[in-house]
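Reading the structure
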Amino acid sequence: MARILRALSNDKNIAIFIMDSTDIVEEARKIHNLPPIPTAALGRLLTAASMMGVMLKGERHTISIQISCTGVLKGLVAVSDSKGNVKGYVKNKNVLTEINEAGKLNVKGAIGEGTLTVIKDLGLKEPYIGQIELVSGEIAEDITHYFALSEQISSAVALGVLIDKDESVRSAGGFIIQVLPETSPDVILNLEERLKSFSNISSILAENDIVDIVTELFGDIEYEILDEYYPKYKCDCSKQKVESIIPLLTDDEISDERIEIVCSFCEKKYYFTREEAFKIKYGSK
């Protein structure tokens, strides 16, 4: 079962969000029939979006993280609500497995250069949109850069997906640590030292519970776990929602007796007759 913890130091200067997203990433892999590199890339983005989702205040608030890139993945999207329920997809999943110099899946190479865009729907007239250039393509570093540049929050982000021999997800998850400016330099230095042993977060998650990892991250800093969430991979698509795509199609694309539209997030198929499609596109015509 996927789980997120939100913990806060007693002096309220350090917040840690930590997630075991193994079940969610495995569900995404199965839904989209993903090979290892798309699984790893999407799994990292889903984990980040889910943790950033629970940072939202309103029950109906949502966050979308979009990566547009030059690499073979073409792009990725993840959307989360304020409970951490998340969905996502990779634009091109037909990617061969490639190992980098460190012996890990070459996610960075599959993403390449591009932009990361965060869209927050907070129930206002216009959504909040923040966009940065990708700094690495490793996703965790890009999310860290986003927090620093767009939200002026000092953060440390770790994201990881460990793929088993049968290409299923053995473990997945990560953490986001946010530090307020008032935090003592000595405390920050000690925290940075501890973070050095968490470079391979997916392997650590495979062997440890996230409660124990939080304790290790805080070290001798007193803290409290404030919230616990049990998010799922959740798509809220419906025939009514996907019909909004029909006006974007050409007449030739809706000229068959039956039109099929597939949800990008859950691969569910919806069908419309030609008459339904033309009525949606042109009204009573």
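Refer to the structure printed above.
All right, on to the side chain of H32 then. Of note, H32 is situated in helix α1 (residues 22-32). Using a relative accessible area of 2% as the deciding quantity, one classes H32 as buried. Filtering out sequence-adjacent residues up to four positions away, H32 remains in contact with L42, G88, Y89, K93, Y233, S264, F265, C266 and E267.

The next subject is the environment of S202. Relative to the assigned elements, S202 resides in helix α6 (residues 201-207). Separated by 32 residues in sequence, S202 and R170 place their C-alpha atoms 8.6 Å apart. Beyond its immediate sequence surroundings of up to four residues, S202 is in contact with G160, V161, L162 and S171.

Attention shifts here to the pairing of strand β4 (residues 75-81). Taken across its seven residues, β4 has six buried, putting it largely inside the fold. Of the strand pairs in this sheet, strand β3 (residues 62-69) and β4 are connected by seven bridges, and their pairing is antiparallel. Within β4, the position partnered with S68 by the bridge is G75. With antiparallel pairing between neighbouring strands as the criterion, β3 and β4 make up a hairpin whose turn holds five residues, including K74 at a positive phi of roughly 70°. Where β4 and strand β5 (residues 86-90) come together, five bridges link them in antiparallel fashion. Each residue of the ladder has a partner; that of S80, found in β5, is V86. Here β4 hands over to β5 after four residues, with G84 in that stretch at a positive phi of 90°.

Despite not being glycine, K74 has its phi angle at roughly 70°, a positive value. In this fold, K74 is placed in the loop between β3 and β4. Even without being a glycine, E167 presents a positive backbone phi close to 75°. Topologically, E167 is positioned in the loop between β8 (154-163) and β9 (169-179).

Okay, the nonpolar core next. Core analysis: the largest hydrophobic core is formed by 58 residues, its most contacted members being M52, I65, I67, L76, I111, L116 and I143. Considering each element in turn, this core owes the most residues, ten residues, to helix α2 (residues 36-53). Beyond its immediate chain neighbours, meaning those up to four positions away, L116 contacts I65, Q66, I67, G130, Q131, I132, L134, D142, I143 and Y146. Among the nonpolar cores identified, the runner-up in size contains 21 residues, and A156, A158, I204 and F218 belong to it.

Attention now goes to the pattern of salt bridges. One pass over the structure, following the stated rule, counts 13 salt bridges. Between K120 and E151 there is a salt bridge, and its shortest N-O distance comes to 2.7 Å. Here K120, found in strand β6 (residues 114-121), pairs with E151, found in the loop between α4 (140-150) and β8; they are 31 residues apart in sequence, far enough to count as distant. Its relative accessible area of 16% is what places K120 among the buried residues. You can call E151 partly exposed: its relative accessible area is 21%. Measuring nitrogen to oxygen at the nearest pair gives 2.8 Å for the salt bridge that ties E257 to R274. With E257 in the loop between α8 (239-242) and β11 (258-262) and R274 in helix α9 (residues 274-282), this residue pair connects regions lying 17 residues apart in the sequence. A residue is classified by how much of its surface remains accessible, and E257, at 54% relative accessible area, is exposed. A relative accessible area of 27% places R274 in the partly exposed class. Overlapping salt bridges, with partners in common, bring together R3, D209 and E228 in one network.

Rules of the game
Residues numbered from 1 in each chain as written. Predicted model: local features only at pLDDT ≥ 70, side-chain atom pairs only at ≥ 80, totals over all residues. Heavy atoms only, no water. Helix = DSSP H or I, 4+ residues; strand = E, 2+ residues; numbered from the N terminus. Buried < 20%, exposed > 50% of the residue type's maximum accessible area, 1.4 Å probe, protein only. Contact = heavy atoms within 4.5 Å. Pairing = 2+ DSSP bridges. Core = buried A, V, L, I, M, F, W, Y, C linked by side-chain atoms within 4.5 Å. Salt bridge = Lys/Arg side-chain N within 4 Å of Asp/Glu carboxyl O.

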